[in-house]
Amino acid sequence: MKELVNKLKGDRVIWSFVALLALFSFMPVFSASSNLAYIGHGTGNTLGYLVKHLAHICIGFLIIYWVHKVPYHYFRAISKIALPVVWILLVYTLLKGTVIAGANASRWIQVPFIGITFQTSTMASIILFIYVARYLSKTKEENEPFQVSLVQLWIPVFITLALILPANFSTTALIFCMVMMLAFIGKYPLKYIGFILGSGIAMLVFFLLVAKAFPDSRFFSRVSTWESRIMNFTTDKPDEDDYQIEKAKIAIASGKLGGLGPGKSVQKNFLPQSSSDFIYAIIVEEYGLIGGLMVLILYLLLLFRFVIASHKANTLFGKLVVVGLGFPLIFQAMINMGVAVELLPVTGQTLPLISSGGSSIWMTCFALGIIISVTKKDEEIVEEQLERERRKEALQRLIDKELAEEDLINEKEVDAEMYSIEDNSKNPMNAVLNK
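Here is what the cut-offs are and how they apply
- Along every chain, residues carry numbers that run from 1 in the direction the sequence is written.
- The model is predicted, so local features are restricted to residues of pLDDT at least 70 and side-chain atom pairs to those at 80 or more, both for listing and for counting; the totals for chains, interfaces and linings are taken over all residues.
- Based on all heavy atoms of the structure, the side-chain values leave hydrogens and waters out of the count.
- What counts as a salt bridge is simple: a side-chain nitrogen of Lys or Arg found within 4 Å of a carboxyl oxygen of Asp or Glu.
- Under the scheme used here, helices are H or I runs from DSSP no shorter than 4 residues and strands are E runs no shorter than 2 residues, and both carry numbers assigned from the N terminus.
- Buried means the residue's accessible area, taken with a 1.4 Å probe over protein chains only, is under 20% of the maximum for its type, while exposed means over 50%, and partly exposed covers the values in between.
- Working rule for helices: expected span equals 1.5 Å times residues minus one.
- The contact criterion used throughout is that any non-hydrogen atoms of two residues lie within 4.5 Å.
- We call a set of buried residues a nonpolar core when its members are Ala, Val, Leu, Ile, Met, Phe, Trp, Tyr or Cys and they connect through side-chain atoms within 4.5 Å of each other.
- What makes a patch is a set of residues exposed beyond 30% relative accessible area and free of salt bridges, joined within 9 Å when like-charged and within 5 Å when nonpolar (Val, Leu, Ile, Met, Phe, Trp, Tyr).
- All accessibility values rest on the Shrake-Rupley procedure with a 1.4 Å probe; residue burial counts only the protein chains present in the view.
- Positive charges come from Lys and Arg alone, negative charges from Asp and Glu alone, with His and the N- and C-terminal ends not counted.
- The atom standing in for a charge is NZ when the residue is Lys, CZ when it is Arg, CG when it is Asp and CD when it is Glu.
- Each axis is a line fitted through C-alpha atoms, taken for helices only over the stretch in contact, and angles between the N-to-C directions span 0 to 180 degrees.
- Every angle not falling under 35 degrees, over 145, or within 65 to 115 is termed oblique; those three ranges are roughly parallel, roughly antiparallel and roughly perpendicular.
- Here a crossing is taken to be left-handed if its near helix is turned anticlockwise relative to the far helix by less than a right angle, and right-handed if that turn runs clockwise.
- In the scheme used here, Gly and all other residues not listed as nonpolar or charged are polar, with Ala, Val, Leu, Ile, Met, Phe, Trp, Tyr, Cys and Pro taken as nonpolar and Asp, Glu, Lys and Arg as charged.
- Only centres within 6.5 Å qualify two rings of Phe, Tyr or Trp (six-membered ring in Trp) as a pair; their planes then separate them into stacked at under 30 degrees, edge-to-face at over 60, and tilted for everything else.
- A ring has a charge above it when a Lys NZ or an Arg CZ is no more than 6 Å from the ring centre and no more than 35 degrees off the ring normal.

Another aspect to go through is the pattern of salt bridges. Per the counting criterion, the structure on display carries three salt bridges. Between Arg-305 and Asp-11 there is a salt bridge whose closest N-O contact spans 2.8 Å. In this pair, Arg-305 sits in helix 13 (residues 279-312) while Asp-11 sits in the loop between helix 1 (2-6) and helix 2 (12-24), placing the two residues 294 residues apart along the sequence. Glu-246 is the partner of Lys-249 in a salt bridge, and the nearest nitrogen-oxygen pair spans 3.5 Å. Of this pair, Lys-249 and Glu-246 both sit in helix 12 (residues 240-255), separated by three residues, roughly a single helical turn. With relative accessibility at 32%, the residue Lys-249 sits in the partly exposed group. Judged by its relative accessible area of 33%, Glu-246 falls in the partly exposed class.

The following block contains the structure:
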């Protein structure tokens, strides 16, 4: 075990927090999957869902391990190549996307011959954040005109967002906010940020107007759902989302301070998304306010560690990568918790590393692997510097030793010459007379 831990490079604190969240996820997922078990095969046996979640977590940690071995600057070129591929996948998702159990939006595609469903928007967000970080770090010293950045940066951003928006508004809004934050941190001119922000709002309004003009189109089918969720959040009109929120609030209120105990949740049998979107309500019901606060504190500590990792990164690209990949994970967790306690309208955001799911866990682990790769790079630089200093000191010691030995040999030779009585001259008395 010690040898395995020693093979893990990068920020050990991030490794620890990720492992704690993953280990904690097993009990809530095992308990909250009973609803899916009853719907799926009518027995309520959640062991299969636990084994499936274990497989997802194990594959996720293998992804972190493999990715953190790759130098993070390789992803600069990868993002530029992968972005068009992501667009193709997003278009395919819009046209041929599937709906998984418990969800009502076609955001997934099925991998041929394997049968695994994959949510393309999660991969698209990671690739886009790396692409934005690459561009901002490349142009920091070049001061390119706005027209150039509009073509090379913002048009790819808006194309990606436009392909995600019809099926997932909350993810689109989160990605757009994170891109704006990256632009601000990357010291993109504020006047241009304001212009892009206004343009984004205008495009959203245009999309809604087109959706109103063609309400029967399948590309705008989610618009009515967005409207109803916002209306229900601001009013007391009951509907399906209000039903979920009410059950989530009952679960949170039932948990009180210490909770009902692991596996003893009642509302998991009534919440449609109890193992994913509303798993935080089940956590509070079973582990109480203490358990809910502990999960919140873990995410906040992970956010603090991301800030430290970003500050320590030796390149602007590394700083932006940590911010662009790390902060969305924490904000996604806050959105999930905010929905559970009715601080925010209902969204489809899961609780990273805790909610059940395959592609969401894997993409989260992929992002974490890149972040750890950034911290590993800094660690390797420090180790290389220390190693160079050790080699320099060892070389200096060897030189000093060699010089000392040469001085000692020279002294012995001088002494030997001074007291030598060897006669090299023709006069046999010179050896004695010279001394």
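When the terminal C-alpha atoms of helix 9 (residues 169-185) are compared, their 24 Å separation across 17 residues agrees well with the 24 Å that a helix rising 1.5 Å per residue should span. Of the residues making up helix 9, those classed as buried are Ser-170, Thr-171, Thr-172, Leu-174, Ile-175, Phe-176, Met-178, Val-179, Met-180, Leu-182 and Ala-183. Turning to helix 9, the residues buried within the fold contact helix 7 (120-138), helix 8 (146-164), helix 10 (190-213) and helix 14 (316-340). Backbone geometry just after helix 9 places Lys-187 at a positive phi near 60°.

Looking now at the nonpolar core. Soluble globular proteins: nonpolar side chains tend toward being buried together. Ranked by internal contacts, the top residues of the largest apolar core, which has 101 residues, are Trp-154, Val-179, Tyr-299, Phe-306, Leu-325 and Leu-351. Contacts of Leu-325, omitting those with residues within four sequence positions, involve Ile-126, Phe-129, Ile-130, Ala-367, Ile-370 and Ile-371.

What follows is about a negative patch on the surface. The grouping of Glu-402, Glu-405, Glu-406 and Asp-407 at the surface amounts to a negative patch. Position of Asp-407 relative to the elements: it lies in helix 15 (residues 359-418).

Their axes nearest at 9 Å, the elements helix 8 and helix 9 cross at an angle of 165°. The orientation of helix 8 relative to helix 9 falls into the category roughly antiparallel. When you trace helix 8 past helix 9, the crossing you get is right-handed. On helix 9, the residues that touch Trp-154, Val-157, Phe-158, Leu-161 and Ile-164 of helix 8 are Thr-171, Thr-172, Ile-175, Phe-176, Val-179, Met-180 and Ala-183. Grouping the constituent residues of the contact of helix 8 with helix 9 by class yields ten nonpolar, two polar and no charged.

Okay, the packing of aromatic side chains next. All chains considered together, the criterion is met by nine aromatic pairs. Between Phe-146 and Phe-195, the aromatic rings sit 5.5 Å apart at their centres with planes inclined by 85°, giving edge-to-face as the arrangement. Of the two residues, Phe-146 is situated in helix 8 and Phe-195 in helix 10; the sequence distance between them amounts to 49 residues. Ring geometry for Trp-154 against Tyr-188: centres 5.6 Å apart, planes inclined by 75°, an arrangement best described as edge-to-face. Here Trp-154 is found in helix 8, whereas its partner Tyr-188 is found in the loop between helix 9 and helix 10, with 34 residues between them in sequence. You can call Tyr-188 buried: its relative accessible area is 9%. Connected via pairs of aromatic rings, a cluster forms that spans Phe-146, Trp-154, Tyr-188, Tyr-192 and Phe-195. If you follow Arg-76 out to its NZ or CZ, it ends over the ring of Phe-317, 4.8 Å from the centre.

Any link to function would need more than the numbers given here.
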